[in-house]
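Residue-level listing of the chains:
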Amino acid sequence: MAKKKNISIKATGRSQAGSRYNYLGARRMEKSRTMLQTVLDDIYQVVPITDWKYLVSLSRQLVINNGLLKGIIEDKATGVVGDGFEPEFLGADENWGEAAKNWLINDWMPGCEVRGILDFKDIQYQKSTAMDSSGDVFRLLTRRANGMPAIQLIGAHRIGQREMGNLIDGGPWGGMRIENGVISLPDSGEVIAYNVLGDTEEEDRVIPKGPMAHLLDPVFADQVRGLPAAVAGLRALVMSEKTDENEEDFVEMISRLFFVEKNETGEAGPDFGGGDLEGNDGEGSPRLVDLWHGLAKVFTAGTDSGIEAFNPGDRPSEAFDRFSDRRYRIICAGIGWPYELAWKLGELTSVGVHSVEQKAQRTIRDRQSKLVPSAITEIRWAISGAMAMGILPRNDDWQKWAVTLPPKYSLNPTKAADSRRKDLELGLTTVGRVLKEEGTPGGAKALFRERAVEIAAKKTIRDEVSKQSGQPISDDEMGRLGIGSTSQPAKEENKPKEKKENDPKDDPEDDTED
């Protein structure tokens, strides 16, 4: 007996048929110009399911085949995750926090994905790339067979529906609204569950919102599914692929054609080694001869005989490059990544460096604001499971966690670090802020503790060696050895004043007024 379907969808007057291709980016590439239609409706009507599937499919194919788009998305994800996303305990019990942190980093994070393939940072990286390439990604908190907490990433194509319509008919979710797999309350629109598609309809399942996180960058207020980041430039990318292919075909063709012979008869001369001619119509039309795995053309030229090297000119042309640059700018603008970082960094002037850095930093911060809450929830999920399994003792502050972020994006990290140190010296910032921008884990507290431990160790070693050798060692001498000094140089006012020769102020007989 066939298994009963999890949900049955009832078609309504506002179906998501998706046959109109209202969204310009989802239309097939046509030679004729496309006129924009007037469509004032909910976003799921403007971009119905069929359009959405086409956009996601096209975006994924281009990410695989287009190095520029792939590079932009990966560079952005590297700036977002980098060497950050290390756990930080914010509770009062530092000993418990240190033990929990060690367990997370050494035992759980290396294989926390349910398949055991991705580690914790890989998961955050994949979230970012999926949000750009597919529009959204779903994260499920789950467990392995042994009860160990795990994380599962679910691709955008796995959340959907097999029937058109937006009202669930009957069953435990009957009366609820569904839009491209997202189930919500019919009145308020509050999302309550997701319809996960299996390989077959019998394997479909509905997962409540609790353990599931939906990560996307919505463009419209009523948007429930994400759109690929490059959606505004997809048409430009497709056309760019076509023009690039045409240009490559032309370059390949002219790379094989390297000689042109002109003679009175249009026949191949001895210079071509008597190769076989093709296309000889006996009237002096161009002929082809195979030579050294290349092609040579023979023309009738009357008395103007000779052999010339074929010169096709500079290809690709400057006009072609400018046209390609224009398309790449459109792509970068849609993703929010500076064009100069993706394509022609060498053209960036010193004046524009600051502006480009700020744009990249804004894009990175925006993406981090989506990933950090999800990452903290995953850490809490792991800690709760570890306490339940007896791996960690229970603690009242078990939920107080944060994650570190990578260093602030900069084209010149050394210069940026010098600037932060100068601001610190002038009192314009704090040690905590500097450490945060440099991606140093632990913050100011950890730094001060580490410094205090070093100072204590230095003093202990100094006293031990002095006692053994019988030689006193000062703090200043320890400093000269590169360990750091706690002594201060003598202040100018405490130094004896040197007497200058012929100084009028030191001459008692000089009564000259200033």
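Residues numbered from 1 in each chain as written. Predicted model: local features only at pLDDT ≥ 70, side-chain atom pairs only at ≥ 80, totals over all residues. Heavy atoms only, no water.

Side note on the pattern of salt bridges
Note the following rule: Salt bridge criterion: a side-chain nitrogen from Lys or Arg within 4 Å of a carboxyl oxygen from Asp or Glu. Only runs of H or I of at least four residues qualify as helices and only runs of E of at least two qualify as strands under DSSP, and these elements are numbered from the N terminus. Here's how the labels work: a residue is buried when its accessible area is under 20% of the maximum for its type, exposed when over 50%, partly exposed in between, all with a 1.4 Å probe on protein chains only.
With the rule as written, the count across this model stands at 17 salt bridges. Residue Lys 121 pairs with Glu 86 through a salt bridge whose shortest N-O separation is 3.1 Å. On the criterion of sequence distance, the pair formed by Lys 121 in helix H5 (residues 120–133) and Glu 86 in the loop between helix H3 (67–81) and strand S2 (87–89) is long-range, its members being 35 residues apart. With a relative accessible area of 24%, Lys 121 lands in the partly exposed category.

Regarding the confidence of the model for the chain
Caution is warranted with low-pLDDT regions, since their predicted coordinates should not be read in detail. Formally: Confidence of the prediction at every residue is given by pLDDT, a number between 0 and 100. Residue contacts are defined here by distance: any two heavy atoms, one from each residue, within 4.5 Å place the two residues in contact.
Mean pLDDT over the chain works out to 79, with 74% of the residues at or above the 70 mark. In this model residues 508–514 is a low-confidence stretch, pLDDT under 50, and it forms one contact with partners more than four residues away in sequence or in other chains.

A short note on the packing of aromatic side chains
For clarity, the threshold we go by: Stacked, edge-to-face and tilted are the three classes for Phe, Tyr and Trp ring pairs, Trp counted by its six-membered ring, which pair at centre distances within 6.5 Å; planes under 30 degrees apart are stacked, over 60 edge-to-face, the rest tilted.
One pass over the full model with this rule turns up six aromatic pairs. Between the aromatic rings of Tyr 328 and Trp 343, the centroid separation amounts to 4.5 Å while the plane-to-plane angle is 65°, which identifies the pairing as edge-to-face. Linking Tyr 328 in helix H7 (residues 318–335) with Trp 343 in the loop between helix H8 (339–342) and helix H9 (350–388), this pair joins segments that are 15 residues apart in sequence. Of the residues examined, Tyr 328 reaches a relative accessible area of 8% and is grouped as buried. For Trp 343, a relative accessible area of 37% corresponds to the partly exposed category. For the pair Trp 337 and Tyr 409, a centre-to-centre distance of 5.8 Å together with 75° between the ring planes defines the contact as edge-to-face. One end of the pair, Trp 337, is in the loop between H7 and H8; the other, Tyr 409, is in the loop between strand S16 (401–403) and helix H10 (413–425), and 72 residues separate them in sequence. Tyr 409 gets classed as partly exposed once you look at its relative accessible area, which sits at 24%.

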